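In case you want the letters, here they are:
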There are 2 protein chains.
Amino acid sequence: MSLVVQKFGGTSVADPDRMKAVADHVARTRRQGQDVVVVVSAMGKTTDDLIRLAHDVCDDPPGREMDMLLTAGERISMALLCMAIEEHGVPAASFTGSQAGIVTDTSHGRAKILEVRGDRLREAVAQGKVAVVAGFQGVSIERDVTTLGRGGSDTTAVALAAVLKAEACEIYTDVAGVYTADPRVVPSARRLPSVSYEEMQEMAATGGRVLALRSVEFARNHGVVLHVRSSFTWEPGTWVNEEGTLEQAIISGVTHDTSEAKVTVAQVPDRPGIAARLFGALADDDINVDMIVQNTSTGGTTDISFTVPRADLAAAMRVSEALGPEIGANSVTADAEIGRVSVIGAGMKTNPGVAARVFRVLSDEDVNIEMISTSSIRISCVVRAKDVERAVQALHAAFELDRAPA
Amino acid sequence: MSLVVQKFGGTSVADPDRMKAVADHVARTRRQGQDVVVVVSAMGKTTDDLIRLAHDVCDDPPGREMDMLLTAGERISMALLCMAIEEHGVPAASFTGSQAGIVTDTSHGRAKILEVRGDRLREAVAQGKVAVVAGFQGVSIERDVTTLGRGGSDTTAVALAAVLKAEACEIYTDVAGVYTADPRVVPSARRLPSVSYEEMQEMAATGGRVLALRSVEFARNHGVVLHVRSSFTWEPGTWVNEEGTLEQAIISGVTHDTSEAKVTVAQVPDRPGIAARLFGALADDDINVDMIVQNTSTGGTTDISFTVPRADLAAAMRVSEALGPEIGANSVTADAEIGRVSVIGAGMKTNPGVAARVFRVLSDEDVNIEMISTSSIRISCVVRAKDVERAVQALHAAFELDRAPA
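About the criteria used
Residues numbered from 1 in each chain as written. Chains lettered and ligands numbered in written order. Predicted model: local features only at pLDDT ≥ 70, side-chain atom pairs only at ≥ 80, totals over all residues. Helix = DSSP H or I, 4+ residues; strand = E, 2+ residues; numbered from the N terminus. Rg over C-alpha atoms; globule rule 2.2 N^0.38 Å. Buried ≥ 20, exposed ≤ 12 C-beta atoms within 10 Å, placed from the backbone. Contact = placed C-beta atoms within 7 Å. Pairing = 2+ DSSP bridges. Axes fitted to C-alpha atoms, helices over the stretch in contact; angles between N-to-C directions. Least-squares fit on C-alpha atoms with pLDDT ≥ 70 in both. Expected span 1.5 Å × (residues − 1). Nonpolar A, V, L, I, M, F, W, Y, C, P; charged D, E, K, R; others polar. Core = buried A, V, L, I, M, F, W, Y, C linked by C-beta atoms within 7 Å. Parallel < 35°, antiparallel > 145°, perpendicular 65-115°, else oblique. Left-handed = near helix turned anticlockwise from the far one by under 90°. pLDDT = per-residue confidence, 0-100.

Caption draft 1: Up close: the overall build of chain A. Helix and strand counts for chain A stand at eleven helices and 20 strands. Compactness check: chain A gives a C-alpha radius of gyration of 23 Å against a globular reference of 22 Å for 406 residues, within 12% of the reference. In terms of overall dimensions, chain A has a C-alpha envelope of 75 × 55 × 35 Å along the principal axes. When the 406 residues of chain A are sorted by exposure, 52% land in the buried category. Across chain A, contacts joining residues at least 24 apart in sequence account for 75% of those joining residues at least 6 apart.

Spelled out as structure tokens, the structure:
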């Protein structure tokens, strides 16, 4: 019998009524003759509530205990979901990360999966049960409870789909799939029937919030076919696989991100080792640097700019300013009012001139480009935060993304 | 170094402020040079909230999933308590029932402890840490999460104290110890400095709500010294040990219970096997029969009365009425308006006439006695529910329990 992994996020199980709707769908899938393994997140705002409680008793919660605390959230939702599924006469059993055999390293709060055993899940499925697994959690090689960090439930689902050789991993969420742009910014944005792993990775990395980057990478590496779809309408969504869309569009979507800030280290001597020193120091402080751009040298000095999550800006400035004199920088400046717009599409590889067209569209809209970075299937521009929505709308229209390709 | 087990109930950790007060006390105990293992219940009304959620998604929650759900409560409180303890610079680590090695049978919702391994707790203590253990939970021999039922956290604490050879097991609660009567009924009730296991067992069995009967039995069987005390005033409370009070009081306390109902099976033939049939049938239906009284036979028939928790009354009536014709009963009647008053004291063994004095006190108060049952250190009378408080007050006064014995 073929097996499908179904993952439900927090909004999909936010209250008992949503929980019952999910149970109904799972039971229906099971009765249609599919084996089902479910991965579930904590209900609605449970995780935020628990984090608040932790800060009520403690200024700097230790990682081990924070993981013990947060994993209570998935424990509650998976037990309730099992009960709701059994109410349909479909046998179900819940499993913690540890019981499911999800073995991780010891990095509390952002553990990496080392191994997935899954024996108890296989047993449960062989007995005709729906296995419901707590997302986001595992057990470390030192037998402590760990969490996988942001997007962790997606990673759990993909890892289980890989090890259980599932036909597909269905990621249910509060949107109907992957869109050509954020529909809140571009009302005419269109749902993509399918995208390739490569495109999905670029989208996830540049602001597409539907899937966590890590889970897409994992899916790609293990050949797990993803299906991103809605737990509200239950209609078919977007498939993520090797081929992606068979349509001939040049670009698949426009993403944006306004959660970052920019740091510029100006006029450092243009000699080997400067960048290594700077980014080594930032890495030592666990600062998550995203985009890095260094201009061509003029007059023996060069400017280095990089973006970081806005929450890390103060720390990034501290590190950069401390290092400034040592690396001979003229100044270090911060800018929190930036945003990034990216166009993504596998079609770029065979269509030269896309970059030029992007720059022209932005120029026609009077949007100034402050930084540019590209990959073979992506062009990203850092612009003023206030220009972001206008830039997304203009690019979406210019590439005719609201129309299905011929 | 000597080790103490400290158990905190739900009211002791009901909110972040209470949690911090508990952490402060634990840290202080640790700094005074004691090794400490803490057992903690779920915060305040968490368990009730979770039970309500279960009934929101499901009419009859399966036991396995109910246990998975409810154990989230202790998980939250133990993680938070660890954080609050570490805030004092005292290292702490939390352990689930499974991690603590509390192995149970497979009876979900009322599992029995089969073995306590405790290796990880010993390791943690040897490393100078306070080990904080989730009360009320274990892991079954089939590797499923189980709960120990009512009073389960007390049982966890006593079992750990036994296996870790603790000097004492401190049970912190919202009252200051064991009293000669419920202070809400008898304002002059006095806290007992100590009671024997035997007396405490009788008190727990007859309505004294401070300790669960099962944990007292466990403590007695394993020689664990208990200290029942307040987590609000932190003053010394009541010791429970082999000797009990060294005072010469005849009785130690008066307890009462108004949570039961009475069933009378009238005029059954007085021949062997009738009682066995009746109580066998009730046991088969998992009905918890407490007190049983059978009158002396008159005219070849006899009346059998028994008490059950009020929640079980309907089921007990159904079983008794179904069996009635078969065992030749004349009628089966229910009475939910009863209460039980008990006087308890090891001094009874050497003081004849206590029973007669009890009956005279109740008679002087115009309290009619409907059923009587005794043990070597206890006399219990079933009376009208409305007479219970008056009976308790009269007995407490008659035996001068408000005065410390000479």
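Caption draft 2: Focus on unusual backbone geometry. All names here are of chain A. The phi torsion at Gln267 lies on the positive side, around 50°, for a residue other than glycine. On the secondary structure map, Gln267 appears in strand 14 (residues 260-269). Residue Gln267 is classed as partly exposed on the basis of its 17 C-beta neighbours within 10 Å. Positive phi values are uncommon outside glycine, yet Asp366 reaches one of about 65°. Its location among the elements puts Asp366 in the loop between helix 10 (354-364) and strand 19 (371-375). By C-beta crowding, Asp366 is classed as exposed, having 9 other C-beta atoms within 10 Å.

Caption draft 3: Structural view of the sheet that holds strand 19 (residues 371-375) of chain B. Residues and elements named next belong to chain B. A sheet is described by the order of its strands in space; here four strands give the open sequence 13-18-20-19, paired in antiparallel fashion. Both edges of this open sheet fall to strand 13 (253-257) and strand 19, since each of them pairs with a single strand only. Within this sheet the neighbouring strands show an average axis-to-axis angle of 20°, counted without direction. Of the strand pairs in this sheet, strand 13 and strand 18 (residues 338-344) are connected by five bridges, and their pairing is antiparallel. Along strand 18, the bridge assignment pairs Asp257 with Arg340. The strands touched by helix 6 (residues 197-205) are strand 13, strand 18, strand 19 and strand 20 (378-384); relative to strand 18, the strand with the most contacts, the crossing angle is about 170°. Against the sheet, helix 11 (residues 388-398) contacts strand 13, strand 18 and strand 20, and its axis sits at roughly 15° relative to strand 18.

Caption draft 4: Seen up close, the relation of the copies chain A and chain B. The operation relating chain A to chain B is a screw motion whose rotation component is 180°, with 0.0 Å of axial translation and a residual RMSD of 0.1 Å. Both chain copies can therefore be described as sitting about a two-fold axis. Distance from the rotation axis, computed per C-alpha, reaches its smallest value in chain A at A:Ala72: 2.5 Å.

Caption draft 5: Just helix 9 (residues 313-327) of chain B, in detail. Residues and elements named next belong to chain B. Its 15 residues give helix 9 an end-to-end C-alpha distance of 20 Å, which sits within 8% of 21 Å, the value for a rise of 1.5 Å per residue. When we look at burial in helix 9, the residues that qualify are Ala316, Val319 and Ser320. On the buried face of helix 9, the contacting elements are strand 14 (260-269), helix 8 (274-284), strand 16 (301-309) and strand 17 (331-335). Of the residues one or two after helix 9, Gly328 is the one with positive phi, at around 75°.

Caption draft 6: The arrangement of the interface of chain A and chain B in detail. In this complex, chain A contributes 28 residues to the contact, which on the side of chain B involves 28 residues. For the side of chain A that touches chain B, a count of residues per class yields 19 nonpolar, one polar and eight charged.

Caption draft 7: Structural detail: the nonpolar core. In terms of nonpolar packing, the biggest core is built from 252 residues, with A:Leu81, A:Val133, B:Leu81 and B:Val133 touching the most fellow members. For B:Leu81, the contacting residues outside a window of four places in its chain are B:Val13, B:Met19, B:Val22, B:Ala23, B:Val38, B:Val40 and B:Val132.

Caption draft 8: Region of the structure containing the sheet that holds strand 1 (residues 3-8) of chain A. Residues and elements named next belong to chain A. Here we have eight strands laid out as an open sheet, ordered 3-6-2-1-9-11-12-10, and mixed in their pairing. Edge positions in the sheet fall to strand 3 (92-95) and strand 10 (194-196), since each has one partner strand and no second. Along the sheet, successive strands turn relative to each other by an average axial angle of 20°, direction set aside. Bridge count for strand 2 (residues 35-40) against strand 6 (residues 130-134) is four bridges, and the pairing is parallel. For Val38, the partnering residue across the bridge sits in strand 6 and is Val132.

Caption draft 9: View of the pairing of strand 7 (residues 137-140) of chain A. All names here are of chain A. Relative to strand 7, strand 4 (residues 102-104) runs parallel, the two being bridged by two bridges. Among the inter-strand pairings, Thr104 is bridged to a residue of strand 7, identified as Ser140. By the bridge criterion, three bridges tie strand 7 to strand 8 (residues 145-147) in an arrangement that is antiparallel. Across the sheet, Gly138 pairs through a bridge with Thr146, a residue of strand 8. The hairpin turn running from strand 7 into strand 8, its antiparallel successor, is four residues long, and Arg143 in that turn takes a positive phi close to 70°.

Caption draft 10: Structural detail: the environment of B:Ala398. Residue and element names in this part refer to chain B. Locating Ala398 in the fold gives a position in helix 11. Owing to 18 C-beta atoms within 10 Å, Ala398 belongs among the partly exposed residues under this scheme. Along the backbone, Ala398 and Leu362 are 36 residues apart, and their C-alpha atoms lie at a distance of 10 Å.

Caption draft 11: Molecular detail of the environment of A:His227. All names here are of chain A. Residue position: His227 is located in strand 11 (residues 226-230). For His227, a count of 20 C-beta atoms within 10 Å puts it in the buried group. Once the C-alpha coordinates of His227 and Ser194 are considered, the two residues, 33 residues apart in sequence, prove to be 8.7 Å apart. Setting aside anything within four residues of it in sequence, one finds His227 in contact with Ala168, Glu170, Ile171, Gly237 and Trp239.

Caption draft 12: Structural context of the environment of A:Val158. Residue and element names in this part refer to chain A. Tracing the backbone through its elements, the reader meets Val158 in helix 5 (residues 152-163). With 62 residues separating them along the chain, Val158 and Arg220 place their C-alpha atoms 9.7 Å apart. Excluding its chain neighbours within four sequence positions, the residues that come into contact with Val158 are Cys169, Ser215, Phe218, Ala219 and Val224.

Caption draft 13: Here's a closer look at the packing of helix 3 (residues 63-86) of chain A against helix 3 (residues 63-86) of chain B. Taken N-terminus to C-terminus, the directions of helix 3 of chain A and helix 3 of chain B make an angle of 165°; their axes are 8 Å apart at the nearest point. By the criterion of interaxial angle, the relationship of helix 3 of chain A to helix 3 of chain B is roughly antiparallel. In this structure, the crossing between helix 3 of chain A and helix 3 of chain B has a hand that is left-handed. Together, A:Glu65, A:Met68, A:Leu69, A:Ala72, A:Arg75, A:Ile76, A:Ala79, A:Leu80, A:Cys82 and A:Met83 of helix 3 of chain A and B:Glu65, B:Met68, B:Leu69, B:Ala72, B:Arg75, B:Ile76, B:Ala79, B:Leu80, B:Cys82 and B:Met83 of helix 3 of chain B make up the contact between the two elements. Of the residues assigned to the contact of helix 3 of chain A with helix 3 of chain B, the class counts are 16 nonpolar, no polar and four charged.

Caption draft 14: Broad picture of the packing of helix 5 of chain A against helix 7 (residues 213-222) of chain A. Residue and element names in this part refer to chain A. Where helix 5 meets helix 7, the axes come as close as 8 Å, and the angle between the chain directions of the two elements is 10°. On the basis of the axis angle, helix 5 is roughly parallel to helix 7. Here Asp154, Thr155, Val158, Ala159 and Ala162 of helix 5 come into contact with helix 7, specifically with Arg214, Ser215, Phe218, Ala219 and His222. Split by residue class, the contact of helix 5 with helix 7 holds five nonpolar, three polar and two charged.

Caption draft 15: The arrangement of the confidence of the model for chain A in detail. Summing up the model confidence of chain A, the mean pLDDT is 92 and the portion of residues at 70 or higher is 98%. Confidence estimates for the predicted assembly give a pTM of 0.85 and an ipTM of 0.81.

Caption draft 16: Spatial organisation of the pairing of strand 14 of chain A. All names here are of chain A. The pairing of strand 14 with strand 16 (residues 301-309) spans eight bridges and is classified as antiparallel. Note that in strand 16 the partner of Val265 across the bridge is Ile304. Relative to strand 17 (residues 331-335), strand 14 runs antiparallel, the two being bridged by five bridges. Bridge pairing in strand 17 links Thr264 to Thr333.

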